[in-house]
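Summary of structural features
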Amino acid sequence: MIKPIANYEAYLEAYQKSVDQPEAFWADVASHFQWRKPWDKVLDWNFDEPKISWFEGAQLNITENCLDRHLAEHGNKLALIWEPNDPKERFVRYTYRELHEHVSRFGNVLRKNGIEKGDRVCIYMPMIPELMVAVLACARIGAVHSVVFAGFAAHSVADRINDSGCKMVITADALNRGAKQIPCKAVVDEALAECQTVEKVIVFERVGWPVHMEPGRDFWWHDELKGVSAHCEPAVMEAEDMLFILYTSGSTGKPKGVVHTCGGYMVYTAYTFANVFQVKPNDVYWCTADVGWITGHSYLVYGPLLNGATTLMFEGVPTYPDPGRFWQVCDKHAVTIFYTAPTAIRSLMAAGEDHVLSYSLDKLRVLGSVGEPINEEAWHWYHIHVGKERCPLTDTWWQTETGGIMIAALAGVSPLKPGHAGYPLPGVQPVLLDQEGKEIEGNDREGYLAIKFPWPSMIRTTYGDHERCRLNYFDTYKGYYFTGDGARRDEQGMYRIIGRVDDVINVSGHRFGTAEIENAINQNEHVAESAVVGYPHDIKGQGIYAFVVCREKEFDPVNLKGEITETVVAQIGKIAKPDKIQIVSGLPKTRSGKIMRRILRKVAEGDISNLGDTSTLLDPLVVDEIVEGKL
Ligand code: 7RM
C-alpha cells in the first residue's frame with residue numbers, strides 16, 4: 001500500500017523526481033500493486049494523435065488490488081459504511097471480506113447473463129451499496145462500466161447507452177432523495193424504447209415500487225443471486241484495456257464518453273488518494289459525491305479501496321431531514337476525512353452555524369473540496385465551523401478527463417491559501433498558455449491552464465471517436481493537454497483556478513455544455529432558437545440563464561417558460577433546469593450569424609454598463625430590448 005509523503009521537503013523531492021525521471025518515479029509507485037504480469041515499458045506517448053500508454057505489457061485486475069489483496073491481513077476491516085437517506089433506517093457495513101464476496105457473486109451473475117470481457121454495461125442506480133458492488137463486479141469480469149447519474153432523464157440515458165452500445169443495464173426500482181422517491185426503472189424502460197443493443201436489465205429492489213418487468217429482458221437482482229458461487233475468477237486485463245467510460249459535457253451539444261484504462265487509473269487514483277488526504281489506517285473517509293460523477297468513481301470507490309481504507313457512502317442529501325444531516329453523519333460514524341463540494345458548503349452555510357454546533361466533529365482531521373472554485377467566504381466557513389481551524393482544507397482541482405486530482409495541497413503537508421488549489425501533485429506538469437499557445441513564464445500571471453506531460457490516469461480517448469478527443473483536448477495548443485480552464489499563478493507559484501474559458505458551465509459542480517441545454521430547449525415546438533449562458537449564483541456557483549426566441553408572435557410567457565422548463569427536465573433531467581428564462585424577439589448576432597455570447601453573458605451577470613462594441617451586430621436594437629427585459 002502507498003505510504004503518504006510525510007513533509008513538505010519530501011513533497012518537493014518527490015515532485016522533482018517525477019519531472020526528472022517520470023518513468024522511474026511511476027514505476028516505483030506502481031510496484032506497490034499486485035500485477036499478474038509486470039510491464040515492459042512504463043510510458044509511451046505523444047500528444048499529437050494522441051497516444052498514451054502506461055505500463056504497456058502489464059496485466060492486472062483492479063478488483064484484486066481493491067479487494068483480494070487486503071483479505072489476508074485486513075479481511076475484517078470495514079471497507080464500506082453505507083448511511084441511508086432516512087436517518088431512522090438501519091445503516092449497512094461491509095468488511096473487505098464481505099464486499100469481496102458480494103462483488104464475486106454479482107460478477108458471476110453478470111457472467112451468467114452473458115456479459116463478457118469488453119462488453120459495456122450501463123449502471124443507473126441510487127447511492128446504495130449495490131451500486132458499488134455493480135461497478136466492481138464489472139471490473140472483476142473485465143466488463144466496461146458506464147455509470148449514468150440517476151438524475152438524468154430517459155433521453156440522456158438512451159444517448160449514453162447508444163453511444164457505447166451497452167449490452168446490459170443495471171438499475172433499481174426507484175431511489176430515495178430527501179423526502180422524495182424518484183423512479184429509476186421506469187426511466188430505463190423509457191430510454192430502452194430508443195435503444196437496440198440492451199439484452200438484459202437487472203433490477204435491484206430498493207424502494208418497493210411497482211415496476212414493469214419485461215419477460216426475457218428484465219430480471220430481479222435478488223433472484224439472479226440465488227445459488228450463485230462466491231468465487232469469481234478475475235478477468236486478466238492488459239494495463240491499457242478499458243476500465244470504464246464516463247460521459248461528460250463539453251462545448252458541443254453531445255456529451256463525450258471519456259475513456260479510462262485499468263493500469264494507469266489504478267496507480268494514479270490510489271497514489272493521489274493516499275497523498276492528498278494523508279490517509280492513515282484507522283480513518284473513516286467520506287466523499288459526498290455521487291458515483292455517477294468522476295469524483296465518486298475515483299475517490300469514493302477506487303482510490304479508498306485500493307488503499308484498504310474505510311469509505312462511507314451516503315444515499316441522501318445535505319438538507320434532509322434538516323441541514324445538520326452531514327454533521328450528524330460525521331458524528332454518528334466518527335468520520336475523520338470529509339470531502340465535499342463548495343455548493344453543499346454554501347447551502348449549509350446559508351442555513352447557519354447552529355446545525356454544525358449540534359454535533360461532535362472531534363474526529364475530523366482533514367477536509368477537502370472539489371468540483372468548482374471555492375469562494376473565500378465558503379472556504380473560511382468550512383475551515384472555521386466544520387474544521388474548527390484545526391483541519392487542513394485541501395481544495396482539489398481536477399476533471400473527469402484527468403481521472404484523478406491534479407492540483408491540490410497534501411493535507412497538513414503543503415501550504416494552504418483560500419481560493420487556491422495550490423501546487424501540482426507529483427507527476428503533474430501544469431503550464432499557463434497565452435492566446436498563441438506560448439508558455440507564460442514566471443509568477444503572478446494568468447493564462448489558459450494546460451498540462452505538458454502525461455500522467456497515468458489521463459483520458460485515453462473519447463469512446464468511438466478518437467478524433468473528437470484529439471480536437472477537444474490536444475489540438476488547440478499543440479503539444480499540450482488543454483483543460484478548458486483559466487488559471488492564475490500567484491507570487492508563490494500557487495495555482496488559483498478561475499473557471500472555464502469554453503462554453504461549459506458548472507452548476508453545483510455538475511458540468512453542462514451551453515449547446516447541450518440549447519439543444520434540449522430547442523426540442524420544444526414553440527422555440528425558434530435559444531442561447532444559454534452561465535451567471536454567478538450564490539449557492540450553485542453558476543446558474544443557467546436561457547434567452548429564448550419564440551416561433552409564434554402571440555404567446556403566454558408564463559406558460560411558455562413552464563413548458564420550456566419541462567422540456568429541459570424531460571430531455572436532460574432536473575439538474576439542468578434553467579434558473580432564468582428570458583423570452584426575446586431575437587438574439588444578438590454578428591453579420592455572419594454568430595451569436596454574441598459575450599453580450600448575453602454580461603446581461604446575465606447584470607453588468608450592462610459596458611457591453612463592448614455592438615455596432616457590428618446584425619440588429620443592434622435587439623440588445624436594448626434584451627437589456628430592458630433582463631431578469
Ligand atoms: C472533479 C470534477 C471539471 C471542471 C474543471 C473546473 C471545475 C473542478 C475545481 C474546479 C476550481 C476546483 N470533474 N473544477 N474542481 N474549479 N477549483 N477545485 O469536478 O469533470 O465534473 O469538472 O470543474 O472547471 O474543468 S468534472
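Below is a summary of the structure that appears in this document. As the structure is a computational prediction, the values presented were derived from the model and not from experiment. All chains use their own residue numbering, which begins from 1 and follows the written sequence. Predicted model: local features are reported for residues with pLDDT of at least 70 only, side-chain atom pairs are reported and counted for 80 or more only, and whole-chain, interface and lining totals are derived from all residues. Just so you know, side-chain values use all the structure's heavy atoms and leave hydrogens and water out.

As for the layout of surface pockets
One water molecule sets the probe size; rolling that probe over the atoms shows where empty space is left. A cavity here means a set of points on a 1 Å grid, drawn over the protein atoms and nothing else, where a 1.4 Å probe fits but cannot get out; a pocket is an open set with protein on both sides within 12 Å along at least five of seven lines, and a residue lines either one if it has an atom within 4 Å of a point. Grid points are joined across faces, edges and corners, and a volume is the space filled by probe spheres set on the points. The space that makes up the second largest pocket amounts to roughly 320 Å³. Residue lining of the second largest pocket: 15 residues in total, with Lys3, Ile5, Ala14, Asp28 and Tyr271 positioned closest to the centre. The secondary structure listing takes helices from DSSP runs of H or I that are at least 4 residues long and strands from runs of E that are at least 2 residues long, numbered from the N terminus. Among the secondary structure elements, those contributing two or more residues to the lining of the second largest pocket are helix H1 (8–20), helix H2 (22–30) and helix H9 (262–277). With four residues, H1 is the single largest residue contributor to the lining of the second largest pocket. Taken together, the residues of the lining of the second largest pocket sort by class into nine nonpolar, two polar and four charged. Amino acids are sorted into nonpolar (Ala, Val, Leu, Ile, Met, Phe, Trp, Tyr, Cys and Pro), charged (Asp, Glu, Lys and Arg) and polar (every other residue, Gly among them).

Thoughts on the pairing of strand E20 (residues 393–396)
With a 1.4 Å probe rolled over the protein chains alone, any residue whose accessible area is under 20% of its type maximum counts as buried; one over 50% counts as exposed, and the rest are partly exposed. Of the two faces of E20, both are covered, the one formed by Leu393 and Asp395 as well as the one formed by Thr394 and Thr396. By the bridge criterion, four bridges tie strand E19 (residues 366–370) to E20 in an arrangement that is parallel. Within the sheet, the bridge partner assigned to Leu367 lies in E20 and is Leu393. For two strands to be treated as a pair, DSSP must find no fewer than two bridges joining them.

Notes on the sheet that holds strand E5 (residues 92–95)
Backbone hydrogen bonds hold the strands of a sheet together, and the pairing may be parallel or antiparallel. One open sheet holds the seven strands; their spatial order is E5-E4-E17-E16-E18-E19-E20, and the pairing between them is mixed. Only two strands of the sheet have a single partner each, and these edge strands are E5 and E20. Averaged over neighbouring strand pairs, the angle between their axes works out to 20° when direction is ignored. One ladder, built from four bridges, connects strand E4 (residues 78–83) with E5; its direction is antiparallel. To obtain an axis, a line is fitted to C-alpha atoms, over the contacting stretch when the element is a helix, and the angle between two such axes runs from 0 to 180 degrees between their N-to-C directions.

Let's talk about unusual backbone geometry
Of note, the bond from Glu49 into Pro50 is cis; its omega dihedral lies within 30 degrees of zero at -10°. When you line up the elements, Pro50 lands in the loop between strand E1 (41–46) and strand E2 (51–56). Note that the residue after Tyr320, namely Pro321, is joined by a cis bond; omega there is -5°. With respect to the secondary-structure elements, Pro321 resides in the loop between strand E17 (310–314) and helix H11 (325–333). For Lys388, which is not glycine, the phi dihedral falls at a positive 50°.

Thoughts on the nonpolar core
Only buried residues count toward a nonpolar core. Its members are Ala, Val, Leu, Ile, Met, Phe, Trp, Tyr and Cys residues joined through side-chain atoms within 4.5 Å. One finds Phe277 and Tyr302 to be the most contacted residues of the largest nonpolar core, which totals 125 residues. It is H9 that provides the largest number of residues to this core, a total of eleven residues. It only takes one pair of heavy atoms within 4.5 Å for two residues to be counted as in contact. Other than its neighbours up to four places away in sequence, Phe277 contacts Thr272, Tyr285, Tyr299, Ile337, Tyr339, Arg365, Val366, Gly368, Thr394 and Ile405. If you look at the next biggest cluster of nonpolar residues, it comprises 43 residues, including Cys166, Cys184, Val187 and Ile521.

Points about the packing of aromatic side chains
Two rings from Phe, Tyr or Trp (for Trp, the six-membered ring) form a pair when their centres are within 6.5 Å of each other. A pair whose planes differ by under 30 degrees is stacked, one over 60 is edge-to-face, and the rest are tilted. Summed over the entire model, instances satisfying the criterion amount to 46 aromatic pairs. Ring centres of Phe106 and Trp221 lie 3.8 Å apart, and the angle between their planes is 15°; this geometry places the pair in the stacked category. Placement of Phe106 in helix H4 (residues 96–112) and of Trp221 in helix H8 (residues 221–225) is noted, with a sequence separation of 115 residues between them. For Trp221, a relative accessible area of 5% corresponds to the buried category.

Considering the pattern of salt bridges
A pair is scored as a salt bridge if a Lys or Arg side-chain nitrogen falls within 4 Å of a carboxyl oxygen belonging to Asp or Glu. Using the criterion set out here, one finds 34 salt bridges in the structure. Here Asp607 ties to Lys602 by a salt bridge, and the two come within 3.6 Å at their closest N and O atoms. Judged by relative accessible area, which is 28%, Asp607 ranks as partly exposed.

Overview of helix H17 (residues 557–571)
Compared with an ideal rise of 1.5 Å per residue, which puts 15 residues at 21 Å, H17 spans 21 Å between its outermost C-alpha atoms and is within 8% of the ideal. Buried within H17 we find Leu560, Ile564, Thr565, Thr567, Val568 and Gln571. Seen from one end, H17 has its buried residues packed into an arc of 155°, which puts them on one side. Looking at H17, the residues exposed on the side facing more than 90 degrees away from the buried face are Val558 and Glu566. Where H17 is buried, its residues contact helix H6 (154–164), helix H16 (514–522), strand E28 (527–537), strand E29 (541–550) and strand E30 (580–584). By this rule the span expected of a helix is its residue count minus one, scaled by 1.5 Å. The directions considered for the arc are those from the helix axis to the C-beta atoms.

Notes on the site of the ligand
Note on terminology: near, applied to a residue and a molecule or strand, indicates that one of the residue's heavy atoms is within 4 Å of it. What surrounds the ligand is a group of 17 residues, the closest being Asp395, Thr396, Thr400, Asp485 and Arg500. One of the backbone N or O atoms of Gly371 is found 3.2 Å from a nitrogen atom in the ligand. As used in this structure description, the phrase polar contact means that two N or O atoms lie within 3.5 Å; if the pair is within protein, one of them must be able to donate a hydrogen and the other to accept it, and residues adjacent in sequence are counted only when both atoms belong to side chains. Contacts to the ligand include Thr400, whose side-chain N or O atom sits 2.6 Å from an oxygen atom. Protein coverage of the free-state accessible area of the ligand, which is 530 Å², stands at 96%. If you list the elements that add at least two residues to the shell around the ligand, you get helix H10 (294–306), E20 and strand E25 (495–500). The class makeup of the residues in the shell around the ligand is six nonpolar, six polar and five charged. Note on areas: these come from Shrake-Rupley sampling with a 1.4 Å probe, and a residue is covered only by the protein chains present in the view.

Note that all results are geometric; they support no functional claim without further evidence.
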